[in-house]
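# Geometric and topological summary
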Amino acid sequence: MSRMARSCMQSLLKVVNSAIGMIGIAMILYALWMFRVWHKQMGPSPPPFFGPDNPAPWFIYTTLGLGITLCVVTCSGHIAAETANCCCLYIYMVFVFLLLMIEAAVTVDVFLNRNWEEDFPEDTTGNFHELKHFVKENFDICKWIGLSVVTVQGLTILLAMILKALGPHQERYYCESDDEYVPDRVPLLNNYVPSSSYVVGDPMYGPKNDAWNIRINSKASR
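Values in this document were obtained by computation on a predicted structure and should not be read as measured data. (Residues numbered from 1 in each chain as written. Predicted model: local features only at pLDDT ≥ 70, side-chain atom pairs only at ≥ 80, totals over all residues. Heavy atoms only, no water.)

## Quick notes on helix α3 (residues 86-112)
The condition is simple: A run of DSSP states H or I qualifies as a helix once it reaches four residues; a run of E qualifies as a strand once it reaches two. Both are numbered from the N-terminal end. In this scheme, a helix's expected span is set at 1.5 Å multiplied by one less than its residue total. Residue burial is assigned from relative accessible area. The probe radius is 1.4 Å, only protein chains are included, and a residue is buried under 20% of its type maximum, exposed over 50%, and partly exposed in between. Whether two residues are in contact is decided by their heavy atoms, any of which lying within 4.5 Å being enough. Two N or O atoms count as a polar contact when they lie within 3.5 Å, although within protein this holds only if one can serve as hydrogen donor and the other as acceptor, and sequence-adjacent residues are included solely when both atoms are side-chain atoms.
With 27 residues, α3 should reach 39 Å at 1.5 Å per residue; the first-to-last C-alpha distance of 38 Å fits that figure. Among all positions of α3, only L89, Y92, M93, V96, L99 and L100 are buried. On the buried face of α3, the contacting elements are α1 (2-41), α2 (58-83) and α5 (139-166). The residue sitting at the N-terminus of α3 and contributing the capping side-chain oxygen is N85; that oxygen lies 2.9 Å from the backbone nitrogen of C87.

## Focus: the pattern of salt bridges
Selection criterion: Here, a salt bridge means any Lys or Arg side-chain nitrogen found within 4 Å of an Asp or Glu carboxyl oxygen.
If you walk through the whole model with that rule in mind, you get one salt bridge. With a shortest N-O distance of 2.4 Å, K14 and E82 are connected by a salt bridge. Within this pair, whereas K14 is found in helix α1, its partner E82 is found in helix α2, the two being separated by 68 residues in sequence.

## Comments concerning a nonpolar patch on the surface
Note the cut-off: Grouping into patches uses exposed residues only, defined as over 30% relative accessible area, and leaves out salt-bridged ones; the cut-off is 9 Å for like charges and 5 Å for nonpolar side chains (Val, Leu, Ile, Met, Phe, Trp, Tyr). Note on areas: Shrake-Rupley, 1.4 Å probe, and residue coverage restricted to the protein chains presented here.
Among the surface-exposed residues, I91, V94, F95, F97, L98 and M101 lie close enough to one another that they form a single nonpolar patch of about 540 Å² accessible area. In this structure, F95 sits in helix α3. Residue F95 is classed as partly exposed on the basis of its relative accessible area of 34%.

## Focus on the packing of α2 against α3
Test applied: In this analysis, axes come from line fits to C-alpha atoms, helices being fitted only over the stretch in contact, and the angle between any two N-to-C directions falls in the range 0 to 180 degrees. Any angle between 65 and 115 degrees counts as roughly perpendicular, while under 35 counts as roughly parallel, over 145 as roughly antiparallel, and the rest as oblique. Crossings are classed by handedness, with left-handed meaning an anticlockwise turn of the near helix from the far one by less than a right angle and right-handed meaning a clockwise turn.
Packing of α2 against α3 brings their axes to within 9 Å, and their N-to-C directions diverge by 150°. The angle between α2 and α3 places the two elements in the roughly antiparallel class. The interaxial crossing formed by α2 with α3 has left-handed handedness. In this structure, α2 contributes T69, L70, V73, S76, G77, A80 and T83 to the contact, and α3 contributes C88, L89, Y92, F95, V96 and L99.

## So, the UniProt feature "transmembrane region" (unreviewed entry) in the protein
Put simply, the test is: UniProt positions are given in the numbering used here, feature names are shortened, and annotations may be inferred rather than shown by experiment.
Under the UniProt annotation, the feature "transmembrane region" (unreviewed entry) is placed at residues 12-38, 58-77, 89-112 and 144-163. Secondary structure content for residues 58-77 is 100% helix and 0% strand, while the C-alpha to C-alpha distance between its ends is 28 Å.

## Some points on the nonpolar core
The criterion, for reference: We call a set of buried Ala, Val, Leu, Ile, Met, Phe, Trp, Tyr and Cys residues a nonpolar core when their side-chain atoms join them within 4.5 Å.
Counting 19 residues, the largest nonpolar core has L13, L89, Y92 and L163 as the members making the most contacts within it. Of all the secondary-structure elements, those providing two or more residues to this core are α1, α2, α3 and α5. Per-element accounting of this core gives the leading share, six residues, to α3. Excluding residues within four positions of it along the chain, L163 makes contact with R6, M9, Q10, L13, A80, A81, A84 and L89. Core analysis: the second largest hydrophobic core is formed by seven residues, W38, W58, F59 and W116 among them.

Have a look at this one:
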């Protein structure tokens, strides 16, 4: 029963964790699209390095970094779900918890600080302002999307805690007796019949030699 429950928790954690990976892939694709648009705006020969006159597009790089981070967290979550190892589950829960703390800090700063835009550097690409305008126009949809992301992340932590409580597969760490594993390890010897034992000792030549001497003596007396 515990093995079935563990398998169900592993499957659920993989499915829910895949949602985080899909969000990360979407952010990477969005960042690449923004980078392509910014590259066209810079002209046919953009400068190889960024300077005071051409600041780096921090919003694009931040989005790309967050997407890569979510993909790495997803990979660690799949490894933790597959192995059900306590150390891997701890690392995965710490990663997801840190993401939740960062999201909570940004959300609190935006809602409680009226001048929250001053906390971020100036975005020369204009993508940050476009995203802000899109969120304001579609606040209800973005609110539900944000709540869904937070719910998925919280659910992954809950499933990881349940899987950690169930523990790893016992057969991966403990071995039973050799007699129980002989049929699995040596399937060709299932019908093996042990040969009869032999006792090595001195040859029994005494009675044969005595009978031979008696015959010779009887012939000699005749």
